[in-house]
Amino acid sequence: MQTLQEVEHGEIKRILSLDGGGLRVFFTLEVLDRVEALVRRRLGREDAVLADYFDLVAGTSTGAILGAFLTWGLSIARIKTLYQGMAVKVFRPYRNPLQWLRNRYAADALSNLLRNFFVEESADGRREATLGSSMLQTFFLAVLRNASTGSAWPLCSHPSLKYNARERRNCNLDLALWRIVRASTAAPTFFAPQRIRTGENAFQFVDGGVTPYNNPALIAALMVTESCFNIRWPIGEDRLYLLSIGTGRTRVRYANFNNFWELAIPAVVSKTITALIEGATQQQDFLCRVMGRCLHGPVIDSEVGELIESAEHMEGLLSQPRRFTYVRYNTDFNSPEFEAILQKYGGDVPMDSPSLIPALQTVGQSYARSEVREEHLR
């Protein structure tokens, strides 16, 4: 197991980035299961976990939950078990439909699960683990949106960041880890905002998915390399590796413009929010492929394709320097398993339906077998 000092001085830095997407994370877990198996083979250890290999794990929304579990040093098998338990406890609609005027689900179940899990031993007994906890086995980044100030807050455990200085009264490393994770998952209309006090101020936070960073890959790479953040990891395709994993892509469409309910204001608002989040996610992926050397990824669109430069294409050409090596794993939900679901939900795959977990796992396993390969690792 790496110490954080060993993480800092490794020859190549590795980032794992995890998109938001609610229970669609069960697709992601199957992809990570395959990645973990390849990492164990590479390290020669059957008990190795992804925190032993990646120097930073970044996550937004459900990706923040997953990322926190990974940095805690958990195996994918253990995380799958935890997610199965959370799915049935957290996504229980209110019995009183009037409660739906504010949020679909009570946040208490999720808050309690996170609060009870992220604890550590101290001289005074058990206490809430913080962002600066020694229990974290690699660096962690979670994306939140500060609804009180209207700004994105990517919070990272690296001590070099300005607001992680220990002499500050509002040092972010002192924030409770469970509150950060819960805030990153506070999806509007799903869960109530999460209140966090830092120093003398208290703010209300909502889901990081409503920032440009539902896919946190690029902000993670920029945070560790741009001098303004003061971390200054090395830049270059042979020095920095970025693995980004999505929760499945859906294409928000209007099936029937003559359908009254499809064009009603609530439906239009819902579709617009989903479309904006999906568009931002795709844009972050596109920028990563432009700035990095892409080894693998699905087609972005019919014009630009995959943006993967083969060895044959590069032979004899002057290669443009890239900031990192990049791999993107994600899928379109256009398989036969989801045809009826897409028709039922207007072209979308819901993020809050436990009944869809088996289908998500099936698609994830199939995708992992066909797409995730050892040569993609660095």
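Residues numbered from 1 in each chain as written. Predicted model: local features only at pLDDT ≥ 70, side-chain atom pairs only at ≥ 80, totals over all residues. Heavy atoms only, no water.

**A few points about unusual backbone geometry**
Residue Ser61 is not a glycine yet carries a positive backbone phi of 60°. Note on placement: Ser61 falls in the loop between strand E2 (56–60) and helix H3 (62–71). For Arg232, which is not glycine, the phi torsion reads 60° and is therefore positive. (Helix = DSSP H or I, 4+ residues; strand = E, 2+ residues; numbered from the N terminus.)

**Remarks on the side chain of Glu120**
Among the secondary structure elements, Glu120 is positioned in strand E3 (residues 119–122). Among the polar contacts listed, one links the side chain of Glu120 to the side chain of Ser133, at a separation of 2.5 Å. In this structure, Glu120 is in contact with Gly125, Arg126, Arg127, Glu128, Ala129, Ser133, Ser134 and Met135, ignoring residues within four places of it in sequence. (Polar contact = N/O pair within 3.5 Å; in protein donor to acceptor, adjacent residues only side chain to side chain. Contact = heavy atoms within 4.5 Å.)

**Here's the deal with the environment of Arg289**
Within the element layout of this structure, Arg289 appears in helix H8 (residues 265–291). Looking at Arg289, the relative accessible area reads 1%, which means it is buried. As a C-alpha pair, Arg289 and Arg322 span 33 residues in sequence and 9.4 Å in three-dimensional space. For Arg289, the contacting residues outside a window of four places in its chain are Cys294, Gly297, Pro298, Ile300, Glu306, Leu307, Arg322, Tyr326 and Arg328. (Buried < 20%, exposed > 50% of the residue type's maximum accessible area, 1.4 Å probe, protein only.)

**Points about the layout of surface pockets**
In this structure, the second largest pocket occupies an estimated 390 Å³ of space. Around the second largest pocket sit 18 residues that line it, and Pro154, Leu155, Lys162, Tyr163 and Asn172 are the ones nearest its centre. Of all elements in the fold, only strand E6 (151–156), strand E8 (201–207) and helix H7 (217–225) reach the threshold of two or more residues within the lining of the second largest pocket. Per element, the largest residue contribution to the lining of the second largest pocket is five residues, and it comes from E6. In terms of residue class, the lining of the second largest pocket is made up of 12 nonpolar, five polar and one charged. (1 Å grid on protein atoms, 1.4 Å probe; cavity = no way out; pocket = protein on both sides within 12 Å on 5 of 7 lines; lining within 4 Å. Points joined across faces, edges and corners; volume = space filled by probe spheres on them. Nonpolar A, V, L, I, M, F, W, Y, C, P; charged D, E, K, R; others polar.)

**Thoughts on the packing of helix H4 (residues 76–90) against helix H5 (residues 108–117)**
Closest axis-to-axis distance for the H4/H5 pair is 9 Å, and the angle between their directions is 150°. As summarised for this structure, H4 and H5 are arranged roughly antiparallel, according to the angle between their axes. The hand of the H4/H5 crossing is right-handed. Together, Arg78, Leu82, Met86, Lys89 and Val90 of H4 and Ala109, Leu110, Leu113 and Phe117 of H5 make up the contact between the two elements. Here the contact of H4 with H5 is composed, by residue class, of seven nonpolar, no polar and two charged. (Axes fitted to C-alpha atoms, helices over the stretch in contact; angles between N-to-C directions. Parallel < 35°, antiparallel > 145°, perpendicular 65-115°, else oblique. Left-handed = near helix turned anticlockwise from the far one by under 90°.)

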